[in-house]
2 protein chains.
Amino acid sequence: MAFRETLEKLHTIDRESRHLEKALAVLRWDQETYLPEKGVEERSEQLALLEGIAHERLTSPETGQLLSGLGSTRENPGGDEKLPALERDFLKTLRRNYDRAILLPGDFVSAAARAEGLSQAAWVNARRDNDFSVFLPHLVKMIDFARQKAVYWGWQDNPYDGLLDIYEPGMGADAIAAVFTPLGQRLSALLRKIASKPRPDNSFLLAEFELENQACFSRDLLKRLGFDSQRGRLDVSAHPFTTILGSDDVRITTRYLPRQVLSGIFATIHEAGHAFYEMDLPAEIRGSCLADGASMGIHESQSRLWENVIGRSKPFWEGMLPVLRSYFPAALFQATTDDFYPAINLVEPSFIRVEADEVSYSLHVILRFELERELLSGSLNPAELPAAWRSKMKELLGVEPETDSQGVLQDVHWSMGAFGYFPSYALGNLYGLEFWQKLKSDLPGTETLIAEGNFTPIRDWLRDTIYVWGRRLEPPLLLKTVTGKALSSEPFLAYIESKYAGIYGA
Amino acid sequence: MAFRETLEKLHTIDRESRHLEKALAVLRWDQETYLPEKGVEERSEQLALLEGIAHERLTSPETGQLLSGLGSTRENPGGDEKLPALERDFLKTLRRNYDRAILLPGDFVSAAARAEGLSQAAWVNARRDNDFSVFLPHLVKMIDFARQKAVYWGWQDNPYDGLLDIYEPGMGADAIAAVFTPLGQRLSALLRKIASKPRPDNSFLLAEFELENQACFSRDLLKRLGFDSQRGRLDVSAHPFTTILGSDDVRITTRYLPRQVLSGIFATIHEAGHAFYEMDLPAEIRGSCLADGASMGIHESQSRLWENVIGRSKPFWEGMLPVLRSYFPAALFQATTDDFYPAINLVEPSFIRVEADEVSYSLHVILRFELERELLSGSLNPAELPAAWRSKMKELLGVEPETDSQGVLQDVHWSMGAFGYFPSYALGNLYGLEFWQKLKSDLPGTETLIAEGNFTPIRDWLRDTIYVWGRRLEPPLLLKTVTGKALSSEPFLAYIESKYAGIYGA
């Protein structure tokens, strides 16, 4: 078969595989937003069927033959060197997806899926009843399945690296530890320092904020950030998320809580950051496997950049507080940026990751990284996990949860076997600040732009510098290409230390 | 292969085929309700891919072999006579779906789909510009494709019957004409009689009714009718519809117009009638091809029964007017049932089918039936259609549209090649009143139940008598089984003549 024709066929297989993924995303989005209560059971059957069809099509022998026909192998995934760079990147990504899928035996996949279902159900009960022992046998199985999966993929020597590679291609546990260790030390030190300072007053934010007005403000905010409502939507779900239902159909969700007005606002900004990445991918990779974020961590760098670096900055609220006040004139009658800015940046170590402030957040992640690394290497016995959790929590954050429900049982990830996922959350902070440093040097007057509500130059820079690559470059190379530098915790730490010195006094 | 095993395999193929249909329904529902504007293009690619997969799976040689293995052939679709009745009905329906799909050559299906796309686009322009000549060449092609389709299915002698059979299995054009002819005559006569009577005052319903309150009333109404919101939803779309996203996920839509409060109310009741049918199908056929209405017309009998026979009755508003008034106290301050009942049953022949009153509605359908029958037989030249339309409109309804946009170009159906669909709308009226006559004799005091807002006995009767059959019986047999009688226009005419004599004076 001619070169061109083979490539065309692979593009068709890939495009259809993406269409199926997006059809699945429609069904899942609907499940989280509008599905009637009793429709859940049949929906899961529909999802399982479509997932099976998608898997079957991607792993057909034809895909393998076409890839080989272009010289793409496990060792040389990019294929023939005469191919244009874009096509080589395409082959590399498709080969990766294909190998990932075919290397797992069907029996293993079904057994893992069944075990995962039971594990999640057990975790729900364990958390509800604060009884780790109910979850323990399932955790042991999930660790085994995860390790086995990494082995199937060829990571017998370092299975945890194989799992990290799912979420953060090209990053290993050693490289992560090298940045997480100084990060943990300096954040812990900062936390201790802040604990000795007077606590800013945030009581005016704990009043009741009417839900309908919260929703109106979130829609207004999205518009001001430049979210294109012809190519996306904002809806409400129990847990905020972003999902891709089409190249021109990127949906985000948020939630509104009457006495936690900040929760809905920052969830909206966070998810908008994810959405901008997807909406601003270049046309040349539209609909292909390259039309995706570089990694979970790079994606998170965007959401956290918008949420924290921009969204929790003083210039941002110099522009936006009058807007927010127009929706809540009574509650915010007297609030100035000088009150508002410290109140939304309150630092208060707590047990729960998803409620953590900007200083504590990465510490929650480091804790999980260190523990799951030991679990996968076998140096930590899963039965000892609750005790290890409490002691590391004390060490890093200075607090100790009273119950396992507030501690080791708080996150869903391990119950799903998703080991290796957590580090991306904190890597996002680090990538984000490296990007931001470069953006600020390329784009002087960033703070003024933010205060004026003129986000276009920032979005353009992110698009032309980062999003333009889609999934073509692995995180280390993307970072190097964009900033000229390697991964480091310095820019993030410099930003955090300076910001919170400003708020809490030197 | 063992008998039992073959049957199980067919049930799996069927169940998966239904899951795919419902996944498609999710994507289409989303397109009509929440899809961002620019997402339409990629959504149509997702739909085309899933439709292709669904078709490919249903028409796999395996399906044909399994059907034959149980003795199911085109001539004897129910298969082996030793099989239980339910399984024979299942085989019959699956065989019908399978044959329908495999008898059409792939080239023909793609050519027809392409032509249909062009035809619909031309129709949109023709209607906008009131220029039938733009649509004419496409109409000619749509007639050819429809006729050819019927020939592929084995209806070379009477292609129009073959098309009617899609929507109304077991009903032919002669049988329909036999009931439509007296129906047309007596409805036309009634219309003329009503035209000479004073027009009831409906001006109080033309005020502005706040949209949010309309939505609240519709939700309240659904609750009172017994619509189970754990198994369905109400949303808003440009054209109201009902769709099945799962056995426990039946969704309806309506629309709210500020100066046409009745539009949203009756669309809600109409679609609820469709939804009740689907929600109350028996558990034994859940998820199979038998879990469906008996025909388009039988489905329409339910929507029109709830909308008109129940929803536009005096007892209904004796109970419901105080509820409606509580949402619109100012506009309905003085309205009594004696004002409201004639106002919602105003008879006024117009050009547009979808806005027609209960007396005119069937006449619009008869007009289309007679014209499309002639188009398919070749006795009417498509170029003559606009003139034929106007003259038949004058004859049946006593009015003549000024433009083709308000006449022959008003409906989308023919532009999609959906000849044979229209009769179901009026057959629904006839089936509905035959069922209703039987229901009233089985369930004395129906009017009292309706006035009290106690709809449960009515829904139970419909469920136990009609819905219990799902798609197992073709309409003539279902009618016979439920009422002991054949199709007739008498019960409908008796109902209409008596109701409107009451409103307009003898």
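Predicted model, so just to flag it, every value in this text is computed and none were measured.

Undergrad: Let's hear about the overall build of chain A: which residues, and what values?
TA: A count of helices and strands for chain A gives 20 helices and three strands. Its C-alpha atoms give chain A a radius of gyration of 23 Å, near enough to 23 Å, the size a compact globule of 506 residues would have. Summarising its shape, the C-alpha atoms of chain A cover approximately 70 × 50 × 50 Å along the three principal directions. Among the 506 residues that make up chain A, the fraction classed as buried is 57%. When contacts within chain A are restricted to residue pairs at least 6 apart in sequence, those whose partners lie at least 24 apart make up 72%. Total accessible area computed for chain A in this model is approximately 20600 Å², and 52% of it derives from carbon and sulfur atoms.

Undergrad: Please provide a residue-by-residue account of the relation of the copies chain A and chain B, values included.
TA: In the superposition of chain A on chain B (RMSD 0.0 Å, axial shift 0.1 Å), the rotation amounts to 180°. Within this description, the copies of the chain are treated as partners about a two-fold rotation axis. Residue by residue, 100% of the interface of chain A is reproduced at the interface of chain B, so both copies engage with the same surface.

Undergrad: Can you tell me about the pairing of strand E1 (residues 232–236) of chain B, naming the residues and giving the values?
TA: All names here are of chain B. Of all five residues in E1, four are buried; the element is thus mostly enclosed. Where E1 lies against strand E3 (residues 249–254), five bridges are found, and the strand directions are parallel. Its bridge partner being in E3, Arg233 is matched across the sheet by Arg251.

Undergrad: So what's going on with the sheet that holds strand E2 (residues 242–246) of chain A? Which residues, and what values?
TA: Hydrogen bonding along the main chain pairs the strands of a sheet, whether they run parallel or antiparallel. Residues and elements named next belong to chain A. Taken in spatial order, the three strands of this open sheet run E1-E3-E2, and their pairing is mixed. Pairing within the sheet leaves two strands with one partner each, and these edge strands are strand E1 (232–236) and E2. On average, each strand axis in the sheet is inclined to that of its neighbour by 25°, with strand direction left out of account. Along the sheet face, helix H1 (residues 3–33) touches E1, E2 and strand E3 (249–254) and points at about 135° away from the line of E2. Lying over the sheet, helix H10 (residues 261–279) contacts E1, E2 and E3, oriented at roughly 165° with respect to E3.

Undergrad: Would you mind going over the packing of aromatic side chains in detail, with residue names and values included?
TA: Residue and element names in this part refer to chain B. Under the definition given, this model contains 49 aromatic pairs over all chains. Taking the centre distance of 5.9 Å and the plane angle of 85° together, the rings of Trp414 and Phe422 count as edge-to-face. Ring centres 6.3 Å apart and planes at 45° place the aromatic pair Phe492 and Tyr495 in the tilted group. With Phe492 and Tyr495 both in helix H20 (residues 490–504), this residue pair falls three residues apart, about one helical turn. Side by side, Phe492 and Tyr495 carry an identical accessibility label, which is buried. Taking NZ or CZ as reference, Arg100 lies 4.2 Å from the ring centre of Trp153, over its face. Positioned above the aromatic ring of Trp29 is the side chain of Arg251, whose terminal nitrogen or guanidinium carbon lies 4.3 Å from the ring centre.

Undergrad: An account of the confidence of the model for chain A is needed here, citing residue identities and associated values.
TA: Within chain A, residue pLDDT values average 96, and 100% of them lie at 70 or more. Both scores are given for the predicted complex: the pTM is 0.93, the ipTM 0.92.

Undergrad: Got a sec to walk through empty space enclosed by the protein? Specific residues and values, please.
TA: Residue and element names in this part refer to chain A. A full pass over the atoms with the stated rule returns five cavities of 30 Å³ or more. In this structure, the largest cavity occupies an estimated 80 Å³ of space. If you go around the largest cavity, you meet 13 residues; those closest to its centre are Phe135, Val408, Leu409, Asp411 and Trp414. Elements with a contribution of two residues or more to the lining of the largest cavity: helix H6 (132–152) and helix H15 (385–397). It is H6 that provides the largest number of residues to the lining of the largest cavity, a total of three residues. The residue inventory of the lining of the largest cavity, partitioned by class, reads 10 nonpolar, one polar and two charged.

Undergrad: Could you give me a rundown of the interface of chain A and chain B, with the residues and numbers involved?
TA: Each side of the interface is counted separately: chain A has 36 residues, and chain B has 36 residues. Roughly 3100 Å² of surface becomes buried between chain A and chain B when both sides are summed, with 56% attributable to carbon and sulfur atoms. The salt bridge partner of Glu42(A) is Lys22(B), with a shortest N-O separation of 2.8 Å. Where chain A meets chain B, there are 18 residue pairs in polar contact (both at pLDDT 80 or more). Those elements that place two or more of their residues in the side of chain A that touches chain B are H1, helix H2 (40–58), E1, E2 and E3 of chain A. Within the side of chain A that touches chain B, the residues separate by chemical class into 12 nonpolar, eight polar and 16 charged.

About the criteria used
- Residues numbered from 1 in each chain as written.
- Chains lettered and ligands numbered in written order.
- Predicted model: local features only at pLDDT ≥ 70, side-chain atom pairs only at ≥ 80, totals over all residues.
- Heavy atoms only, no water.
- Helix = DSSP H or I, 4+ residues; strand = E, 2+ residues; numbered from the N terminus.
- Rg over C-alpha atoms; globule rule 2.2 N^0.38 Å.
- Buried < 20%, exposed > 50% of the residue type's maximum accessible area, 1.4 Å probe, protein only.
- Contact = heavy atoms within 4.5 Å.
- Areas by Shrake-Rupley, 256 points an atom, 1.4 Å probe, with all protein chains shown as cover.
- Least-squares fit on C-alpha atoms with pLDDT ≥ 70 in both.
- Pairing = 2+ DSSP bridges.
- Axes fitted to C-alpha atoms, helices over the stretch in contact; angles between N-to-C directions.
- Phe/Tyr/Trp six-rings, centres within 6.5 Å; stacked < 30°, edge-to-face > 60°.
- Lys NZ or Arg CZ within 6 Å of the ring centre and 35° of its normal.
- pLDDT = per-residue confidence, 0-100.
- 1 Å grid on protein atoms, 1.4 Å probe; cavity = no way out; pocket = protein on both sides within 12 Å on 5 of 7 lines; lining within 4 Å.
- Points joined across faces, edges and corners; volume = space filled by probe spheres on them.
- Nonpolar A, V, L, I, M, F, W, Y, C, P; charged D, E, K, R; others polar.
- Buried area = accessible area lost by both parts, 1.4 Å probe.
- Salt bridge = Lys/Arg side-chain N within 4 Å of Asp/Glu carboxyl O.
- Polar contact = N/O pair within 3.5 Å; in protein donor to acceptor, adjacent residues only side chain to side chain.

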